[in-house]
Amino acid sequence: MAGGTISGAGWFAGFYRGLIMIDVKPNRKFKKRYNRLFQKNPLGANMFLLIAELADKRGRVQITEEEIAALFNARFEDPKAYQLPVGADK
């Protein structure tokens, strides 16, 4: 990573495998997971959010690491900033 962007996204493979079958609804449980992760790793929390947005109803994401890296860099103006809406129990 350089300058808050993801290049290559090789670091992401293990993180991605752990997220495939999670509940991706933006409910209280999701917000709690996002908030805990954001405190430790803002980039990881925003990747978590992007994957949740891309996931189907079964929690699966069918996309390559390169596509995720490109989407991540396009989706977040500031990848280290808190991305849930204001009033989302930050």
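Everything numeric in this text was worked out from a predicted model, so none of it was measured.

**Some thoughts on the nonpolar core**
Line of reasoning, step 1. Within the largest apolar cluster, 18 residues are counted, with the highest numbers of intra-cluster contacts made by Phe30, Tyr34, Met47, Leu49, Leu50, Phe72 and Leu84.
Line of reasoning, step 2. Elements supplying a minimum of two residues to this core: helix H2 (28-40), helix H3 (42-54) and helix H4 (65-75).
Line of reasoning, step 3. Tallying contributions element by element places H3 first for this core, with eight residues.

**What to know about H3**
Line of reasoning, step 1. Relative to the 18 Å expected for 13 residues at 1.5 Å per residue, H3 spans 19 Å between its end C-alpha atoms, a close match to the ideal helical length.
Line of reasoning, step 2. Within H3, ten of the 13 residues are buried, which leaves the element mostly enclosed by the surrounding structure.
Line of reasoning, step 3. Within H3 the residues assigned to the buried category are Leu43, Gly44, Ala45, Asn46, Met47, Phe48, Leu49, Leu50, Ile51 and Ala52.
Line of reasoning, step 4. N-capping of H3 is provided by Asn41, with a side-chain oxygen placed 3.3 Å from the backbone N of Leu43.

**What about the packing of aromatic side chains?**
Line of reasoning, step 1. Using the criterion set out here, one finds five aromatic pairs in the structure.
Line of reasoning, step 2. For the ring pair Tyr34 and Tyr82, a centre distance of 5.3 Å and an interplane angle of 70° mean the geometry is edge-to-face. In this pair, Tyr34 is assigned in helix H2 and Tyr82 in the segment after H4, connecting sequence segments 48 residues apart. The pair Tyr34 / Tyr82 is uniform in exposure class, with both members buried.
Line of reasoning, step 3. With centroids separated by 5.2 Å and ring planes inclined at 90°, the aromatic side chains of Phe38 and Tyr82 adopt a geometry described as edge-to-face. Highlighted residues: Phe38 in helix H2 and Tyr82 in the segment after H4, separated in sequence by 44 residues.
Line of reasoning, step 4. Given the relative accessible area of 16%, Phe38 is considered buried.

Rules behind the numbers
Residues numbered from 1 in each chain as written. Predicted model: local features only at pLDDT ≥ 70, side-chain atom pairs only at ≥ 80, totals over all residues. Heavy atoms only, no water. Core = buried A, V, L, I, M, F, W, Y, C linked by side-chain atoms within 4.5 Å. Buried < 20%, exposed > 50% of the residue type's maximum accessible area, 1.4 Å probe, protein only. Helix = DSSP H or I, 4+ residues; strand = E, 2+ residues; numbered from the N terminus. Expected span 1.5 Å × (residues − 1). Polar contact = N/O pair within 3.5 Å; in protein donor to acceptor, adjacent residues only side chain to side chain. Phe/Tyr/Trp six-rings, centres within 6.5 Å; stacked < 30°, edge-to-face > 60°.

These figures come from the coordinates and say nothing about function on their own.
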